[in-house]
Amino acid sequence: MKNYDVIIIGAGAAGLMCAITAAKRNKSVLLVEHARKVGRKILMSGGGRCNFTNMYTEPENFLSANPHFCKSALSQYTQWDFIDLVNQHGVAYHEKTLGQLFCDNSSKDIVQLLLKECHQHNVIIELESKVTALEAMPSGFSVSVNQRSLSAGAVVVATGGLSIPSMGPHGFGYQIAEQFGLPVLPTSAALVPFVMNSRWQKQSAELSGNSFDAIASNHAQSFKEAVLLTHKGLSGPAILQISSYWQPGESITLNLAPEMDLASWLKQQKQQMAKSQLKTVLSQLFSKRLAAHMVTSWLKLNTDDNKVMAELGDKELEAIGNTLNNFTVYPEATEGYKTAEVTLGGIDTHSLSSKTMMCNDIPGLFFIGEAVDVTGHLGGYNFQWAWSSGWVAGQNV
Ligand SMILES: Cc1cc2nc3c(=O)[nH]c(=O)nc-3n(C[C@H](O)[C@H](O)[C@H](O)COP(=O)(O)OP(=O)(O)OC[C@H]3O[C@@H](n4cnc5c(N)ncnc54)[C@H](O)[C@@H]3O)c2cc1C
């Protein structure tokens, strides 16, 4: 006799959605969570307002060694399905930008919605309980929870990634995968700010907090959003996005005036503002401080910074314009898991069925959410992956 039809390890976004879906199918469900609360990352997300999905979710918004893997789950449970659920519970929300939907009031609204669904459908939630071991039995699994041994026909691993180490424990999902012979792809911090070298930090210290719109790009991707200067280096949405595509040692290019050909514009300005200094001209586009900093630190002009526009040759202005349209930076590192929103890599999708999230060779064992090698862009995509993969597993346990 089994204790439960399904035991789900981890009550984050993916585990909660999976529990609700399985319980709606009249499965007996135990959801085990090591922390004192469910959905801690939901609570801290989106600056306390949870960017719970994105209206324009497409498979192209996800990184994975197998870019096709996410398609099935995302089409079985779409952003519109989650928006329906949010509407059913009367949670107020708005589009902030680029299809990103945020709660009007608080991330708590999303957690409450999920808890209400869990209670309605008799999901048993055990908080402050850590799963420490999982064994396959002739039929089903034995799960060690707080020194007890429980059994279930199916187990869903929804233990998340490695970001925010203070929230531990982390890595149990990868450990289980390895125990069952499933490959785990190398992991790294993603959607994370960059740390610049100490010289940059020293020179830019007083600019911390300045932001501007730019296109951040590398050989793989481009993102047009805000860039924020921090006391350690660079952050803001454009930087977080490109960080997921960055490898140590690589450069990033910032187009600091995405809508303009700065070389031509500066030559025009030379006619109109002949007696102004370059920093004054640039302060039409950037804050005064940032414009001055660009001239003294970023442009590394082989000329007197105080020259007026009339004294700058067209070739020189072209070079300045081109540099600012293609400003190359070499981040020293990322801030790492401490501030990363997500983990890149994880359980190799080749071992899982994209239609069910079950392991191909281990009937009854499922992996969902961030633990799996599917990572969304910034903008609500990571929660959508949690909802979609959780729902699909819940339909198949
Ligand atoms: C600061 C921050 C802001 C974010 N903002 C957004 C946003 O606005 N929009 C968006 O789409 N994404 C956002 N994300 C990303 C998003 O939070 C995650 O992608 C998502 O929470 C992953 O859900 P999950 O259920 O897979 O994992 P998690 O939410 O990490 O849940 C895993 C759970 O498993 C538990 N657990 C682990 N091991 C065990 C064990 N052995 N026994 C019992 N329990 C265990 C953990 O305690 C945890 O509660 C943000 C992330 C961070 C860090």
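Note that the structure is a prediction, hence the values are computed from the model and not measured.

(A) A look at the packing of aromatic side chains. Across all of its chains, the model carries 13 aromatic pairs by this definition. Linked through ring pairs, Phe52, Phe82, Tyr93, Phe383 and Trp387 together constitute an aromatic cluster. For lysine 96, the ring lying beneath its charged end belongs to phenylalanine 102, and the centroid distance is 4.8 Å.

(B) Focus on the packing of helix α9 (residues 262-272) against helix α12 (residues 314-325). Relative orientation of the contacting elements α9 and α12 amounts to 135°, with a least axis distance of 7 Å. Taken together, the axes of α9 and α12 are oblique relative to one another. Our pair here, α9 against α12, has a crossing hand that is right-handed. Between α9, through Leu262, Ala263, Leu266, Lys267 and Lys270, and α12, the contact on the second element is made entirely by Asp314, Leu317, Glu318, Ile320, Gly321, Asn322, Leu324 and Asn325.

(C) Highlighting the pairing of strand β16 (residues 252-255). In this structure, strand β13 (residues 211-217) lies alongside β16, joined through 3 bridges in antiparallel fashion. When the sheet's bridge partners are listed, isoleucine 215 is paired in β16 with asparagine 255.

(D) The packing of helix α1 (residues 13-24) against helix α5 (residues 108-120), seen in detail. The interhelical angle for the contact between α1 and α5, taken along N-to-C directions, is 30°, at an axis separation of 9 Å. Judged by the angle between their axes, α1 and α5 are roughly parallel. By crossing handedness, the relation of α1 to α5 is classed as left-handed. On α5, the residues that touch Leu16, Ile20 and Lys24 of α1 are Leu114, Glu117 and Cys118. Its residues assigned to classes, the contact of α1 with α5 comprises 4 nonpolar, no polar and 2 charged.

(E) Quick look at unusual backbone geometry. Here asparagine 122, not a glycine, exhibits a phi torsion of approximately 65°, which is positive. Structurally, asparagine 122 is set in the loop between α5 and β7 (124-126). In this structure asparagine 122 comes out as exposed when scored by relative accessible area, which is 59%. Positive phi is not limited to glycine here, since isoleucine 164 has a value of about 55°. Residue placement: isoleucine 164 occurs in the loop between β10 (148-157) and α6 (172-179). Isoleucine 164 sits in the buried class, given a relative accessible area of 16%.

(F) Broad picture of the environment of serine 72. As for its position among the elements, serine 72 is in helix α3 (residues 70-76). When the C-alpha positions of serine 72 and leucine 182 are compared, they lie 21 Å apart, and in sequence the two are 110 residues distant. In contact with serine 72, not counting residues within four places along its chain, are Ser354 and Lys355.

(G) Local environment of the site of the ligand. The immediate surroundings of the ligand are formed by 32 residues, with Ala14, Glu33, Asn51, Glu370 and Phe383 found nearest. Contacts to the ligand include alanine 13, whose backbone N or O atom sits 3.2 Å from an oxygen atom. Within the side chain of arginine 40, an N or O atom sits 3.1 Å from an oxygen atom of the ligand. Here the ligand, which alone exposes 1000 Å², has 94% of that area covered by the protein. Contributing elements (two or more residues each) for the shell around the ligand: α1, α2 (40-44) and α13 (381-396). The class makeup of the residues in the shell around the ligand is 14 nonpolar, 12 polar and 6 charged.

(H) Region of interest: the pairing of β13. Pairing of β13 with strand β14 (residues 222-229), which is carried by 7 bridges, proceeds in the antiparallel orientation. From the neighbouring strand, serine 217 faces β14, where its bridge partner is serine 222. The antiparallel pairing of β13 with β14 creates a hairpin that spans 4 residues between the two strands.

(I) Region of interest: α1. With 12 residues, α1 extends 17 Å from end C-alpha to end C-alpha; this agrees with the ideal 16 Å at 1.5 Å per step. Taken across its 12 residues, α1 has 11 buried, putting it largely inside the fold. Positioned one or two residues after α1, asparagine 26 has a phi angle of 65°, which is positive.

(J) Focus on the side chain of serine 107. For serine 107, the position within the fold is in the loop between β6 (100-103) and α5. Of the residues examined, serine 107 reaches a relative accessible area of 0% and is grouped as buried. Side-chain polar atoms of serine 107 contact the backbone nitrogen of arginine 49, separated by 3.2 Å. Not counting residues up to four positions away in its chain, the partners in contact with serine 107 are Ile42, Leu43, Ser45, Gly48, Arg49 and Cys50.

(K) Fine view of the nonpolar core. By size, the foremost hydrophobic cluster in this structure holds 82 residues, and its most contacted members are Ile42, Ile110, Met357, Leu365, Phe367, Trp385 and Trp387. For this core, the element with the most residues is α1, which contributes 9 residues. Each residue touching isoleucine 110, except ones within four places of it in the same chain, is listed here: Ile42, Cys50, Phe52, Phe82, Val86, Cys103 and Trp387. Of all hydrophobic cores here, the second largest spans 48 residues; its members include Ala190, Val227, Leu299 and Leu317.

Conventions adopted
- Residues numbered from 1 in each chain as written.
- Predicted model: local features only at pLDDT ≥ 70, side-chain atom pairs only at ≥ 80, totals over all residues.
- Heavy atoms only, no water.
- Phe/Tyr/Trp six-rings, centres within 6.5 Å; stacked < 30°, edge-to-face > 60°.
- Lys NZ or Arg CZ within 6 Å of the ring centre and 35° of its normal.
- Axes fitted to C-alpha atoms, helices over the stretch in contact; angles between N-to-C directions.
- Helix = DSSP H or I, 4+ residues; strand = E, 2+ residues; numbered from the N terminus.
- Parallel < 35°, antiparallel > 145°, perpendicular 65-115°, else oblique.
- Left-handed = near helix turned anticlockwise from the far one by under 90°.
- Contact = heavy atoms within 4.5 Å.
- Pairing = 2+ DSSP bridges.
- Nonpolar A, V, L, I, M, F, W, Y, C, P; charged D, E, K, R; others polar.
- Buried < 20%, exposed > 50% of the residue type's maximum accessible area, 1.4 Å probe, protein only.
- Near = heavy atom within 4 Å.
- Polar contact = N/O pair within 3.5 Å; in protein donor to acceptor, adjacent residues only side chain to side chain.
- Areas by Shrake-Rupley, 256 points an atom, 1.4 Å probe, with all protein chains shown as cover.
- Expected span 1.5 Å × (residues − 1).
- Core = buried A, V, L, I, M, F, W, Y, C linked by side-chain atoms within 4.5 Å.

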